[in-house]
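# Summary of the model geometry
So the chains spell out like this:
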Amino acid sequence: MGLFSFTQEIAMDLGTANTIITSNGKIVVDEPSVVALDRRTDKMLAVGEKAKLMHEKTHDNIRTIRPLRDGVIADFYACEQMIRGLIKMVNSRHRLFSPSLRMVIGVPSGSTEVELRAVRDSAEHAGGRDVYLIFEPMAAAIGIGIDVEAPEGNMIVDIGGGSTEIAVISLGGIVSNNSIRIAGDDLTADIQEYMSRQHNVKVSERMAERIKINVGAALTELGEDAPEDYIVHGPNRITALPMEVPVCYQEVAHCLEKSISKIETAILSALENTPPELYADIVHNGIYLAGGGALLRGLDKRLTDKINIPFHIAEDPLHAVAKGTGVALKNVDRFSFLMR
């Protein structure tokens, strides 16, 4: 061992909406997946929360980019800059030498070889020496606390920002999976389109996101859990005069209907391809919901009623994948499903 040879181990959930980094079993970075670059020099100006505050508020010399679309890297350079910036946050202590990194990164289970290659290259360019990849549903299952190597079937539905990952896991492998490009971002776009069509008010992506968080629902009847109406301010699409529109959760549930139905269909199609023995385990254990989409009010009840299998929301759905990648990182040699 040389005097200065040290390896730092970090696990990363590289998400379309948020990127979470864990180190030594603790979440050290939890930031939006946004980077702000200078248009003239392509220099990075801000990353994470700071860049998100600039999003949709920039002038000509600054561009804010979300490097991932639908769970896949859409802008290679911006993604590399973002990973570098976020890793710097982990290494905020001033060090003489930057350590060599051993990384485990969560990737969508529907990724093609090219997409996996892009994630690996981005990580290596940002300083990763040993880069391992793990499929997100597998990481989510480990993060929820399921014994993934047991000979029994467990089903995970991970609704992220860019893609919904549905997988049946048994004996440390994925038996049947379905990955669809309909998730949080599509729900946000549905709300934007609905506000424009129904109320004639222009809303930004960030405003639509706030509507989704405050009054987003999957059911039109929530009973006592119903949220208060949310007041939306914005310009009238035709006259450009300011408007104030109260939005209730029933409206949002109606406008999200189409996208949620597609997620239901995808879950049913994954169940169709599940061997009967594992199917019996799933009916007995229930199906686990993870990812930010699991927080949509009434989603678990709606899916339970539709599919007749109990749906459980993970304890901390937003961080399930990140926790799982952290556990996988500690047991890199033991887990055979980590791709190198």
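Starting afresh in each chain, residues are numbered from 1 along the sequence in its written order. For a predicted model such as this one, the threshold for reporting local features is a pLDDT of at least 70, and the threshold for listing and counting side-chain atom pairs is 80 or more; totals across whole chains, interfaces and linings nevertheless cover every residue. Processing note: side-chain calculations cover all non-hydrogen atoms of the structure and skip hydrogens and water entirely.

## A look at helix 6 (residues 205-215)
For an α-helix, 3.6 residues make a turn, and residues three or four places apart therefore share a direction. Burial in helix 6 covers these residues: Arg206, Met207, Ala208, Ile211, Lys212 and Val215. Two residues form a contact once any of their heavy atoms are found within 4.5 Å. The helix count covers DSSP runs of H or I at least four residues long, the strand count covers runs of E at least two residues long, and both are numbered beginning at the N terminus. Elements in contact with the buried residues of helix 6: helix 1 (49-54), helix 5 (184-198), strand 14 (230-235), strand 15 (242-247) and helix 7 (249-272). Burial classes follow relative accessibility: with a 1.4 Å probe on protein chains only, a residue under 20% of its type's maximum area counts as buried, one over 50% as exposed, and anything between as partly exposed.

## Remarks on unusual backbone geometry
Apart from glycine, the bulk of residues carry a negative phi angle, and the bulk of peptide bonds sit in the trans form. If you check the backbone angles, glutamate 56 has positive phi at about 65° while not being a glycine. Its location among the elements puts glutamate 56 in the loop between helix 1 and strand 6 (62-65). Although it is not a glycine, asparagine 200 adopts a positive phi angle of roughly 55°. The topology assignment puts asparagine 200 in the loop between helix 5 and helix 6.

## Re the sheet that holds strand 6
Taken in spatial order, the three strands make up an open sheet running 5-4-6, and their pairing is antiparallel. This sheet does not close on itself; its edge strands, each paired only once, are strand 5 (44-47) and strand 6. Going across the sheet, the axis of each strand differs from the next one's by a mean of 20°, ignoring polarity. Alignment of strand 4 (residues 35-38) against strand 5, held across three bridges, turns out to be antiparallel. For alanine 36, the partnering residue across the bridge sits in strand 5 and is alanine 46. Only the contacting stretch of a helix is used when fitting its axis, a line to C-alpha atoms as for every element, and angles between N-to-C directions run 0 to 180 degrees. Seen against the sheet, helix 2 (residues 76-90) touches strand 4, strand 5 and strand 6 and runs at an angle of roughly 60° to strand 5. For two strands to be treated as a pair, DSSP must find no fewer than two bridges joining them.

## Here we look at the pairing of strand 3 (residues 26-32)
Of the pairings in the sheet, the one linking strand 2 (residues 18-23) to strand 3 comprises six bridges and is antiparallel in character. When the sheet's bridge partners are listed, serine 23 is paired in strand 3 with lysine 26. Linking strand 2 to strand 3, which pair antiparallel, is a turn of two residues; within it asparagine 24 sits at a positive phi near 55°.

## What about the confidence of the model for the protein?
The predicted coordinates of low-pLDDT regions are not to be read in fine detail. Per residue, pLDDT measures the predictor's confidence, with a range of 0 to 100. Predicted confidence across the protein gives a mean pLDDT of 90, with 96% of residues reaching 70 or more. Note on residues 1-5: pLDDT under 50 across the span, and one contact to partners over four residues away in sequence or across chains.

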